[in-house]
Amino acid sequence: MAPVAKSATGKWVSRVGASGGGKAYKKSRPGNYYGILAVIVVLGLVATLFARYEYQHPGAAAASTPPAVGTTWYAALAVEACGKPLPYLSTDPNYKGGFTVQPANVIKISPVSAADAGGHATLSQFAAEFPGLIASSSELAIPTATGTANPATTFHNGDTCPAKSKYAGQVGHVTYAYWTAFGQKKPTITTDPTSIKFVQYLRVTMAFDPTGVTPTAPQQATVNAMVKAGQTTTTTTAATPSTLPVTTTTAKGSTTTTTTTTATSTTTTAPKG
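Worth saying up front: this structure is predicted, and the values here are computed from it rather than measured. (Residues numbered from 1 in each chain as written. Predicted model: local features only at pLDDT ≥ 70, side-chain atom pairs only at ≥ 80, totals over all residues. Heavy atoms only, no water.)

Draft legend 1. Expanded view of the sheet that holds strand β7 (residues 154–156). The sheet built from three strands is open, its strands ordered β5-β6-β7 with antiparallel pairing. Bordering the open sheet on either side are β5 (134–135) and β7, each of which pairs with just one other strand. Bridge count between strand β6 (residues 139–141) and β7: three bridges; the pairing is antiparallel. In the sheet register, Glu 139 faces β7, and the bridge partner there is His 156. (Pairing = 2+ DSSP bridges. Helix = DSSP H or I, 4+ residues; strand = E, 2+ residues; numbered from the N terminus.)

Next up, the structure:
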C-alpha cells in the first residue's frame with residue numbers, strides 16, 4: 001500500500017512540535033516566565049536545606065519545650081509480667097545521659113541535648129538510653145544488672161505466661177500504662193511507648209499481661225522516693241510549691257498515719273488530681 005501523504009495541518013503540527021512551540025509561541029510567553037522558574041528553584045533549595053538542618057539537628061525546634069536542657073524532673077516506674085512485679089532496674093551513678101534510674105525505680109529526667117529534651121523526652125527514648133532495655137509495641141526486654149539480655153525477662157506479643165505465674169498459660173501482650181496526675185485513678189493504656197511523654201511526677205508501668213488486664217501502678221515506696229527526690233532538687237528555673245500525697249507508717253502499736261508533704265516542682269507545677 002502506498003504511504004498516505006500528510007495533510008497540511010499534520011505538517012504544521014509536526015513543525016511546531018519539533019521547534020518547541022514555534023517562534024510565535026515563544027514570543028507569547030509571559031515576561032516573568034523565567035522569573036517564576038527562578039523563584040521555584042530558590043524555594044526548592046530552601047526547603048531542601050531546611051529539611052537537612054532538621055535531620056542533622058533533631059529536636060532543635062523542641063529546645064524550648066519542657067523538659068528543656070537544664071531541667072530536672074522525676075518519674076516513678078514499675079515493670080510487671082503476667083501479673084507479677086519485676087525487680088527494680090539497676091542504677092548506674094556514673095551515667096551522664098538524660099535519663100538516670102535512681103534507687104526504688106525512680107527515673108531522673110535531666111535532658112543533656114535536644115535528643116532527649118522537649119517532645120523527645122519519651123518512654124521510648126528512656127528505653128533507648130538504658131543499656132539492654134527494649135520497650136517497643138511488640139517486645140519488652142528487661143536486662144540483667146550488667147545490661148545483658150535476660151531470656152527469663154524478655155517477652156514478645158503472643159508469648160504465654162509461665163506456669164507459676166498469676167496468668168499461667170494465657171497469651172500476653174506488651175502494654176504501657178501511665179498516670180499524669182496523682183488524682184488519676186484509671187491509667188491511660190497504650191502499646192506505643194513513643195506516645196508517652198514525660199511530665200513532672202509521671203507514674204508509668206511497663207507490662208506484659210493478657211488482654212484486658214490493667215497494669216498496676218508503681219508502688220507507694222517508689223512514689224514516695226520520687227516526691228522526695230523532687231523536693232531536694234534545685235535548678236535554674238523558679239520553683240513552684242505543690243502539695244503531694246506521701247504515705248508513711250509509724251511504728252506505734254498498729255497506728256498508721258498518712259501525712260501530706262509539700263513538694264517543690266523544679267520546672268512545672270506538679271500534676272493535680
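Structure's up, so let's keep going.
Draft legend 2. Quick peek at the state of the cysteines. Scanning the entire structure with this criterion turns up one disulfide. Disulfide pairing places Cys 82 opposite Cys 161 at an S-S distance of 2.2 Å. Here the S-S torsion is close to -90°, and the disulfide linking Cys 82 with Cys 161 is therefore left-handed. Placement of Cys 82 in the loop between β1 (73–81) and β2 (84–85) and of Cys 161 in the loop between β7 and β8 (172–179) is noted, with a sequence separation of 79 residues between them. Judged by its relative accessible area of 1%, Cys 82 is buried. Using a relative accessible area of 4% as the deciding quantity, one classes Cys 161 as buried. (Disulfide = S-S within 2.5 Å. Buried < 20%, exposed > 50% of the residue type's maximum accessible area, 1.4 Å probe, protein only.)

Draft legend 3. Structural view of the environment of Gly 70. Mapped onto the secondary structure, Gly 70 falls in the loop between α3 (33–56) and β1. Looking at Gly 70, the relative accessible area reads 41%, which means it is partly exposed. Separated by 42 residues in sequence, Gly 70 and Val 112 have C-alpha atoms that sit 7.1 Å apart.

Draft legend 4. Representation of the pairing of strand β4 (residues 106–109) within the structure. In this sheet, β4 lies alongside β1 in antiparallel orientation, the contact comprising four bridges. Each residue of the ladder has a partner; that of Trp 73, found in β4, is Ile 109. Bridge analysis of strand β3 (residues 99–102) against β4 gives four bridges, and the strand direction is antiparallel. Looking across to β4, one finds that Thr 100 is bridged to Lys 108.

Draft legend 5. Structural context of the side chain of Gln 184. Inspection of the secondary structure assignment puts Gln 184 in the loop between β8 and β9 (188–190). Among the polar contacts listed, one links the side chain of Gln 184 to the backbone oxygen of Lys 186, at a separation of 2.9 Å. Residues within four places of Gln 184 in sequence aside, it is in contact with Tyr 178, Trp 179 and Arg 203. (Polar contact = N/O pair within 3.5 Å; in protein donor to acceptor, adjacent residues only side chain to side chain. Contact = heavy atoms within 4.5 Å.)

Draft legend 6. Fine view of a nonpolar patch on the surface. Residues Tyr 33, Tyr 34, Ile 36, Leu 37 and Ile 40 make up a contiguous nonpolar surface patch of roughly 510 Å² in combined accessible area. Structurally, Ile 40 can be placed in helix α3. Take Ile 40: its relative accessible area is 53%, and that puts it in the exposed class. (Patch = residues over 30% accessible without salt bridge, like charges linked within 9 Å, V, L, I, M, F, W, Y side chains within 5 Å. Areas by Shrake-Rupley, 256 points an atom, 1.4 Å probe, with all protein chains shown as cover. Salt bridge = Lys/Arg side-chain N within 4 Å of Asp/Glu carboxyl O.)

Draft legend 7. Molecular detail of unusual backbone geometry. Omega for the peptide link from Pro 66 to Pro 67 comes to -5°, which places this bond in the cis form. Locating Pro 67 in the fold gives a position in the loop between α3 and β1. The backbone of Cys 82 shows a phi angle near 55°, a positive value even though the residue is not glycine. A positive phi angle, close to 65°, is found at Tyr 201, a residue other than glycine. Relative to the helices and strands, Tyr 201 is located in the loop between β9 and β10 (202–210). For Tyr 201, a relative accessible area of 1% gives the class buried.

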